[in-house]
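Structural characterization, general
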Amino acid sequence: MASGERDLTRGSVWRQVLAYAMPLVASSLLQALYSMVDTVIAGHFAGSAAISAINNSGQILNILTKIAIGITTGGNIIIGQYYGAKEHGRLGEASGTLLSLSLLLGAATAVGLYAGAYPLLGLLGAPAMEQSVAYLRICAVGMVFVFGYNALSAELRGVGDSRTAMIYNLTANVVNVIFNYLLIYGNFGFPRLEVAGAAIATVIGIVVAFIMAFVVLLRGKRYLWLNLKEKFTFDRVILSNIFLIGIPSMFEQLVLRIGLISYTRIAVSLGTIAYATHQVCLNIAGLSFMPGQAITAATTTLTGQCLGKKRTDMALGYNRCAQASAVIIGFICCAVFFFLGEQITRLYSNDAQVVVLGGQVMRLIALYQPLQALQFAMSGALQGAGDTKATAAIMCLTVMIIRPVFAHVAINTFNLGLMGAWYAMAADWVVRSMLILLRYLSGKWKRIKLKS
């Protein structure tokens, strides 16, 4: 078996799940760091206008990145199933089709984003408009590589190789930091470009990651390969499967992002202290998502490979292990948030009101951590089977209906303030988890078949 490649359906169940998931946790942390680096360095060297420009553009870029992740999830699932079925010839066709589609979508996104920078930022009411437009347009050029890299990363994860993608993420971060230092302030004879320099550094980082991943697949050292003459094309059946699975996944990502933006606006309306506390608690809670999302990715690939082998019994066994791992992580997060919520909040703010209110919110967040973690694991199983329409529909129901309705009632009828907003979040997670559990227990995901 080629280096990095991992048949997750062989060997110790616990070892395979953890060995696959841990690099994904690291990748998530690196991705969060990647988003922070521009802001931190620009804030120190280029001032508040630079921070505003990067944050304004970042909202748009995050949504587009979620689109890329959603589409490439379809390819990840398909490649996992082909790999499990030992259809090695189809792996090359699938990797070429996914990359070709992603590059085309990335190019179209780049053109649209460059042309529409002013109106898009205008919709956000963005301050520092000229710097925001400059940052967004430079990053637009890199969208081809953002979509392309997400495709290549999804392909590697599909054959069980999460470690290589982590290495590429780390490399992109290092490159980004180096060029931020050189280009924002103009060190070592480089021009001082400030916001534009931060954007160029971001693009260089993702280009380097893309090239590294592309070269690995081009060399064909794994069952995945790209042949520029024969395989760098579209396979209609594979393309259809990518759309059938990927579009609902993309929709799910968009709904989640839009829901977060609208949820944040509710917190803004509650005043400065409430909004500051809300942002701190979101950041802390986001850290607990990373292990859960890694478990999701692991169960997605595990389930795909097992179903490719036509071993639903094996899929069930691996999923039970992943679910147990997730619940253990959930209880650990529960204990930490419940007993140390105020102390953790104090790391973000010295304001006594923020710390006290943050502690209350963190204790509420703690209570649904085990259920949330279990939901992540079961969602991964459904996605790995290609049941993305069900997970997208459930996400839409809870994020766009349950959460805002509960928030409106809790805040406006019962005057619960920020706690009311987080009661609504808890209702969202509980209902979502119950619906995902029912869908998983129904067993319908076991009978989903790819087009052949």
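In this report, we go over the structure that sits alongside the text. (Residues numbered from 1 in each chain as written. Predicted model: local features only at pLDDT ≥ 70, side-chain atom pairs only at ≥ 80, totals over all residues. Heavy atoms only, no water.)

1. Description of the overall build of the protein chain
Along its length, the protein chain carries 15 helices and zero strands. Looking at the 452 residues of the protein chain, the share that counts as buried comes to 54%. Considering only contacts within the protein chain whose residues lie at least 6 apart along the sequence, 81% involve residues at least 24 apart. Carbon and sulfur atoms form 67% of the exposed surface of the protein chain, whose accessible area is close to 18,800 Å². (Helix = DSSP H or I, 4+ residues; strand = E, 2+ residues; numbered from the N terminus. Buried < 20%, exposed > 50% of the residue type's maximum accessible area, 1.4 Å probe, protein only. Contact = heavy atoms within 4.5 Å. Areas by Shrake-Rupley, 256 points an atom, 1.4 Å probe, with all protein chains shown as cover.)

2. Focus on a nonpolar patch on the surface
Taken together, Trp14, Leu18, Met22, Ile328, Ile332, Val336, Phe338, Phe339, Leu340 and Leu367 make up a surface patch of nonpolar side chains, about 990 Å² in accessible area. Of all the secondary-structure elements, those providing two or more residues to the nonpolar patch are α1 (13–46) and α11 (312–348). Broken down by element, the nonpolar patch gets its largest block of residues, six residues, from α11. Along the chain, leucine 367 turns up in helix α12 (residues 352–367). (Patch = residues over 30% accessible without salt bridge, like charges linked within 9 Å, V, L, I, M, F, W, Y side chains within 5 Å. Salt bridge = Lys/Arg side-chain N within 4 Å of Asp/Glu carboxyl O.)

3. Observations concerning the packing of aromatic side chains
A full pass over the atoms with the stated rule returns nine aromatic pairs. Measuring from centroid to centroid gives 6.3 Å for tyrosine 181 and phenylalanine 188, while their planes differ by 55 degrees, and the two rings are tilted. Relative to phenylalanine 214, the ring of phenylalanine 210 lies with its centre 5.7 Å away and its plane at 20 degrees, an arrangement referred to as stacked. Pair noted here: phenylalanine 210 and phenylalanine 214 are both in helix α8 (residues 195–219), with a separation of four residues, about one helical turn. Every member of this aromatic cluster is reached through a ring pair, and the members are Phe145, Phe210 and Phe214. Just above the ring of tyrosine 114 sits the side chain of arginine 137; from NZ or CZ to the centre is 4.8 Å. Above the plane of the ring of tyrosine 263 lies arginine 403, whose end atom (NZ or CZ) is 5.2 Å from the centre. (Phe/Tyr/Trp six-rings, centres within 6.5 Å; stacked < 30°, edge-to-face > 60°. Lys NZ or Arg CZ within 6 Å of the ring centre and 35° of its normal.)

4. Details of the packing of helix α6 (residues 143–158) against helix α7 (residues 162–184)
Where α6 contacts α7, the two axes come as close as 8 Å, and the packing angle between them is 150 degrees. As summarised for this structure, α6 and α7 are arranged roughly antiparallel, according to the angle between their axes. Residues Tyr149, Ser153 and Leu156 of α6 form the contact with α7, whose own contacting residues are Thr164, Ala165, Tyr168 and Asn169. Considering only residue class, the contact of α6 with α7 consists of four nonpolar, three polar and no charged. (Axes fitted to C-alpha atoms, helices over the stretch in contact; angles between N-to-C directions. Parallel < 35°, antiparallel > 145°, perpendicular 65-115°, else oblique. Nonpolar A, V, L, I, M, F, W, Y, C, P; charged D, E, K, R; others polar.)

5. Side note on unusual backbone geometry
Even without a glycine there, the phi angle at lysine 310 is positive, about 60 degrees. Secondary-structure assignment places lysine 310 in the loop between α10 (272–308) and α11. Positive phi values are uncommon outside glycine, yet asparagine 415 reaches one of about 55 degrees. By the secondary structure assignment, asparagine 415 is in the loop between α14 (388–413) and α15 (417–442).

6. Thoughts on the nonpolar core
By size, the foremost hydrophobic cluster in this structure holds 55 residues, and its most contacted members are Leu113, Tyr135, Met143 and Tyr149. Those elements that place two or more of their residues in this core are α2 (48–84), α3 (88–115), α4 (117–123), α5 (129–141), α6, α7, α8 and α9 (236–268). Here this core gets 13 residues from one element, more than from any other, and that element is α2. Apart from the residues within four sequence positions on either side, tyrosine 149 is in contact with Ala165, Tyr168, Asn169, Ile206, Ala209, Phe210 and Ala213. (Core = buried A, V, L, I, M, F, W, Y, C linked by side-chain atoms within 4.5 Å.)

7. Some words on α14
Taking 1.5 Å of rise per residue, 26 residues should cover 38 Å, and α14 covers 36 Å from first to last C-alpha, within 8% of that figure. At threonine 398, α14 shows its largest bend, some 30 degrees. (Expected span 1.5 Å × (residues − 1). Bend = angle between axes of the 7 residues up to and from the residue.)

8. Remarks on the pattern of salt bridges
Close approach of charged atoms allows side chains of opposite charge to pair. Scanning all chains against the criterion turns up seven salt bridges. Arginine 403 is paired through a salt bridge with aspartate 428; the nearest N and O atoms lie 2.8 Å apart. With arginine 403 in helix α14 and aspartate 428 in helix α15, the pair connects residues that are 25 residues apart, well separated along the chain. Residue aspartate 428 is classed as buried on the basis of its relative accessible area of 0%. The shortest N-O distance in the salt bridge between aspartate 428 and arginine 432 comes to 2.9 Å. Note that aspartate 428 and arginine 432 are positioned in helix α15 at a spacing of four residues, about one turn of the helix. Judged on exposure class, the residue aspartate 428 and its partner arginine 432 are both buried. Through salt bridges that share partners, Arg90, Glu93 and Asp235 make up one connected network.

9. A short note on the layout of surface pockets
Sizing a probe to match a water molecule and rolling it over the atoms shows the empty space that remains. If you add up the space inside the second largest pocket, you get close to 340 Å³. In terms of lining, the second largest pocket is formed by 16 residues, of which the most central are Gln81, Leu307, Lys310, Lys449 and Leu450. Here the residues of the lining of the second largest pocket are counted per class, giving five nonpolar, four polar and seven charged. (1 Å grid on protein atoms, 1.4 Å probe; cavity = no way out; pocket = protein on both sides within 12 Å on 5 of 7 lines; lining within 4 Å. Points joined across faces, edges and corners; volume = space filled by probe spheres on them.)

10. Comments concerning empty space enclosed by the protein
For the structure on display, the rule yields one cavity of 30 Å³ or more. A volume near 40 Å³ is recorded for the largest cavity. For the largest cavity, the full set of lining residues is Ser288, Gly292, Ile329, Gly330, Cys333, Gln369, Gln372, Ala373 and Phe376. Put simply, the parts of the chain that give the lining of the largest cavity at least two residues each are α10, α11 and α13 (369–384). No other element matches α13, which puts four residues into the lining of the largest cavity. Taken together, the residues of the lining of the largest cavity sort by class into four nonpolar, five polar and no charged.

11. Description of the environment of isoleucine 71
Mapped onto the elements of the fold, isoleucine 71 is located in helix α2. C-alpha of isoleucine 71 to C-alpha of glutamine 253: the two residues are 182 residues apart in sequence and 9.9 Å apart in space. Among all residues touching isoleucine 71, those that are not within four sequence positions of it are Leu98, Leu101, Leu105, Ile242, Gly246, Ile247 and Met250.

12. Regarding the environment of valine 203
One can find valine 203 in helix α8. Separated by 57 residues in sequence, valine 203 and valine 146 have C-alpha atoms that sit 8.7 Å apart. Non-local contacts of valine 203, meaning those with residues more than four positions away in its chain, are made with Ile138, Cys139 and Gly142.

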